[in-house]
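Take a look at the letters that make up each chain.
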Amino acid sequence: MSSDRKVIVTAVGAAAAGAALAYTAMKMSEKASKAERNREALMRSSKPSFIFEDPMQDPSTTAQKRDSAVLFPYNHEEKMRQRIAARVAVEEDNLTPRRLVTVRVPATSANLGPGYDCLGMAVDLWSEVTVERADKFSISAEGEGASAIPKDESNYLVVGLKAAFETAKKPMPTLKYHVVSRIPYARGLGSSSAAIVAGIIAGLVLAGHRLPCWGSEALLQIAAQIEGHPDNVAPSIYGGIQLGIHNGTRWVTERVPTPPGLQLVMFIPDFVGKTSDARGVLKATVTREEASFNISRVAFLIHAFCTGNLDNLKWGVQDKLHQPQRGEKLYKYLFPMIEAAEAAGACCAYLSGAGPTVMALTSGASGDIFTQREKERTDHSVAKAMIRTAETFGIKGKLMVTSAANEGAKVVRVEPPFSSESITYGGGV
C-alpha cells in the first residue's frame, strides 16, 4: 500500500472515530440534560404551594414540610396555619380602642325543616346597632319590637359585648346602645342571634381586639356558646346558607350554595313566639324511624341546594322532629299554609326557626323584580295563598317578600375610622 493511500485510510479512520466520539458525547449530554430536567420537574411537582415562607426559618424544617406535605387548593386552613407559623413574630393587627361603632346584622331563618339546630339561612332584613362609650348605661330602640326589647343588661346585645371584652381580657366600659330594628322581634327570624353577633362584633371593635378565624372560627365559638347551637349565629356571621356541627372540639360551619333567583316569602304573625314554649312541646326522645326520616330529608335538602334542583326542595324540608309537634300544639295554621303555598307555586315552605313565621321559597327572580314581568315569578301568588290561609284561621300578621343575604354582619361605621390617608375601606369605615 502506497504511503498516500495509508494517509488517506488513516485520515478516514480518525474522522470516523472522532465522529463516533462526538455522537457518543452528544447523546450522553442529551441524557444528562434530560435527567436534569426530569429532576427539576420532580422537585417542582413535590414542592407544596406555601402561602408564606419566612426566609429566616430553619431550612431543615422547610425541607421536612416540603417532603411531607402537599397542599391542595381546598386546604385553606392548613395554608393559613403555615402562613402564621412561618412568621418570626405575629403582631397584633390593631390595638387601638374605638369610641363608637355601628354594626349591621341580618335576620336569619333556622332549621329549614329537618336541619334542627344545625342549618340556617341569612335573610335580607337588617338591623343596625350603634354602641358608644358613655358616662351612663342606656339602651334605646326604634323599629320592630322597640317597646319589647329588654332595656337592661339581660339584652343579648349586652351579653355579646361582655363576652367580647372578656375574650379581649379587658374591662368593659360604660356604654350606651341604640338599636334600629328591622328584624321582627321574637318571630322565628333570629332577632336574638342578631343581637348576640352584633354585640360581639361591636365589643371587639371597641376593645381594639381581633380574633383568629382560620382553623378556629373564634367569633363563631363565642356566639354559639351563648346561643347553644350554630343554626342562627353562623349565617348571621357569614351570610348565605350555613350548615354547622360540633366536631367534638369546636363548632364548624360550611356554606351551602344558594340557588340563583331564590326569593323568600314570609308570613309573619302579629304575636310573639317564645322559643322556650316551642321547645317545650317537643318529645324528649325520638324513634329510629323519625331519626332516619330526618337524616334522609336533610341530606336530600342539601343535595337540592347544591345541584340547584328546586323541585326537590319540597321533599327536603319535610321533618318529623319539631314541625308536626309545633303545628299540632302551637301553630294550627302551619301545615295548611305550607300546603297552600306549595299549591300556589312555592318550591317549598316550612316553619322558620321556632316560629311563628312560615317561610316559603320561590324561584324565577331575575335582577330587580319590579322591572320583571310578574308571571315569570310565583312570589305574588304564593303570598296571596298564605294570606288567605291566615284569614281562614283568624291569624293577623304581615306578608314580606325578600331574598337570602349572601353576606353576614359587618361594621358600617366606626370612630376613629379604620380607613387612613393611604388606605380607604368600603364605605369609608
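Check the entry above for the structure.
The rules behind each value
- Residues numbered from 1 in each chain as written.
- Predicted model: local features only at pLDDT ≥ 70, side-chain atom pairs only at ≥ 80, totals over all residues.
- Heavy atoms only, no water.
- Helix = DSSP H or I, 4+ residues; strand = E, 2+ residues; numbered from the N terminus.
- Buried < 20%, exposed > 50% of the residue type's maximum accessible area, 1.4 Å probe, protein only.
- Contact = heavy atoms within 4.5 Å.
- Areas by Shrake-Rupley, 256 points an atom, 1.4 Å probe, with all protein chains shown as cover.
- Phe/Tyr/Trp six-rings, centres within 6.5 Å; stacked < 30°, edge-to-face > 60°.
- Lys NZ or Arg CZ within 6 Å of the ring centre and 35° of its normal.
- Expected span 1.5 Å × (residues − 1).
- Polar contact = N/O pair within 3.5 Å; in protein donor to acceptor, adjacent residues only side chain to side chain.
- Core = buried A, V, L, I, M, F, W, Y, C linked by side-chain atoms within 4.5 Å.
- Axes fitted to C-alpha atoms, helices over the stretch in contact; angles between N-to-C directions.
- Parallel < 35°, antiparallel > 145°, perpendicular 65-115°, else oblique.
- Left-handed = near helix turned anticlockwise from the far one by under 90°.
- Nonpolar A, V, L, I, M, F, W, Y, C, P; charged D, E, K, R; others polar.
- Pairing = 2+ DSSP bridges.
- Right-handed = clockwise from strand over helix to strand, strands pointing away.

Here we look at the overall build of the chain
Line of reasoning, step 1. Tallying secondary structure elements over the chain gives 13 helices and eleven strands in all.
Line of reasoning, step 2. By the burial criterion, 44% of the 429 residues in the chain qualify as buried.
Line of reasoning, step 3. Taking contacts inside the chain between residues at least 6 apart in sequence as the whole, the part at least 24 apart equals 71%.
Line of reasoning, step 4. Put simply, the chain shows about 22600 Å² of open surface, and 56% of that area lies on carbon and sulfur atoms.

Quick look at the packing of aromatic side chains
Line of reasoning, step 1. The full count for this structure, using the stated rule, is three aromatic pairs.
Line of reasoning, step 2. Ring centres of Tyr331 and Tyr333 lie 6.0 Å apart, and the angle between their planes is 50 degrees; this geometry places the pair in the tilted category.
Line of reasoning, step 3. On the basis of relative accessible area, Tyr333 is assigned to the buried category, the value being 2%.
Line of reasoning, step 4. Members of the aromatic cluster, joined through ring pairs, are Phe271, Tyr331 and Tyr333.
Line of reasoning, step 5. Seen from the ring of Phe293, Arg297 lies directly overhead, with NZ or CZ sitting 3.8 Å from the centre.
Line of reasoning, step 6. Between Lys320 and the ring centre of Phe293, over which it is positioned, the NZ or CZ distance is 4.7 Å.

Considering helix H5 (residues 191-207)
Line of reasoning, step 1. Taking 1.5 Å per residue, 17 residues should reach 24 Å; H5 reaches 24 Å between its end C-alpha atoms and fits that length.
Line of reasoning, step 2. Summarising burial for H5: 16 of the 17 residues are buried, a large majority.
Line of reasoning, step 3. Remark: Gly208 follows H5 within two positions and exhibits a positive phi of approximately 70 degrees.

Quick notes on the environment of Lys283
Line of reasoning, step 1. The residue Lys283 is located in the loop between helix H8 (275-280) and helix H9 (288-307) in this model.
Line of reasoning, step 2. Distance in space between the C-alpha atoms of Lys283 and His322 is 8.6 Å, their sequence separation being 39 residues.
Line of reasoning, step 3. Ignoring any residue separated from it by four or fewer positions in sequence, one finds Lys283 in contact with Glu290 and Gln325.
Line of reasoning, step 4. Within the structure, Lys283 has its side chain in polar contact with the side chain of Glu290 (distance 2.7 Å).

What to know about the nonpolar core
Line of reasoning, step 1. Formed by 71 residues in total, the largest nonpolar core has its most connected members in Val101, Val131, Leu161, Phe305, Leu313 and Leu361.
Line of reasoning, step 2. The element contributing the most residues to this core is H5, with twelve residues.
Line of reasoning, step 3. Residues in contact with Val101, not counting those within four places in the same chain, are Val129, Thr130, Val131, Ala202, Val205, Leu206, Val411, Arg413 and Val414.

Some thoughts on the packing of helix H12 (residues 334-343) against helix H13 (residues 379-392)
Geometrically, a packed helix pair is captured by the angle between its two axes and the distance between the axes.
Line of reasoning, step 1. Where H12 contacts H13, the two axes come as close as 8 Å, and the packing angle between them is 155 degrees. Taken together, the axes of H12 and H13 lie roughly antiparallel to each other. In terms of crossing hand, the pair formed by H12 and H13 is right-handed. Mapping the contact onto sequence places Pro336, Met337, Ala340 and Ala341 in H12 and Val382, Ala385, Met386, Thr389 and Ala390 in H13.
Line of reasoning, step 2. Among the residues making up the contact of H12 with H13, the classes are represented as eight nonpolar, one polar and no charged.

Quick look at the pairing of strand S5 (residues 241-246)
Line of reasoning, step 1. Note: strand S2 (residues 119-133) against S5, three bridges, orientation antiparallel. For Leu119, the partnering residue across the bridge sits in S5 and is Leu243.
Line of reasoning, step 2. As paired elements, S5 and strand S6 (residues 251-256) share six bridges and run antiparallel to each other. Residue Ile241 lies in a different strand from S6, and its bridge partner there is Val256.

Overview of the environment of Gln221
Line of reasoning, step 1. By the element assignment, Gln221 lies in helix H6 (residues 218-227).
Line of reasoning, step 2. Put simply, Gln221 and Val252 are 31 residues apart on the chain and 8.7 Å apart in space, counted from C-alpha to C-alpha.
Line of reasoning, step 3. With sequence-adjacent residues up to four places away left out, Gln221 is seen in contact with Ser216, Arg250 and Trp251.

Quick notes on the pairing of strand S4 (residues 175-181)
Line of reasoning, step 1. In terms of burial, S4 is a largely internal element, five of the seven residues being buried.
Line of reasoning, step 2. Two strands pair when backbone bridges link them, and S2 and S4 are joined in this way by six bridges, in the antiparallel orientation. Along S4, the bridge assignment pairs Val129 with Val179.
Line of reasoning, step 3. When strand S3 (residues 138-143) meets S4, the two strands line up parallel, connected through six bridges. Opposite Ser138, over in S4, you have Lys176 as the bridge partner.
Line of reasoning, step 4. Crossover handedness for the path S3 to helix H4 (residues 156-168) to S4: left-handed.

Considerations on the sheet that holds strand S8 (residues 348-351)
Line of reasoning, step 1. Read from one edge to the other, the open sheet built from four strands follows the order S8-S9-S7-S10, with strand pairing classed as antiparallel. Of all the strands in the sheet, the pair left with one neighbour each is S8 and strand S10 (397-402). The average angle at which neighbouring strand axes cross in this sheet is 20 degrees, direction not considered.
Line of reasoning, step 2. Alignment of strand S7 (residues 263-269) against S10, held across six bridges, turns out to be antiparallel. When the bridges of S10 are listed, Met266 appears paired with Met400.
Line of reasoning, step 3. Lying on the sheet, H13 is in contact with S7, strand S9 (358-362) and S10; it crosses S7 at an angle near 15 degrees.

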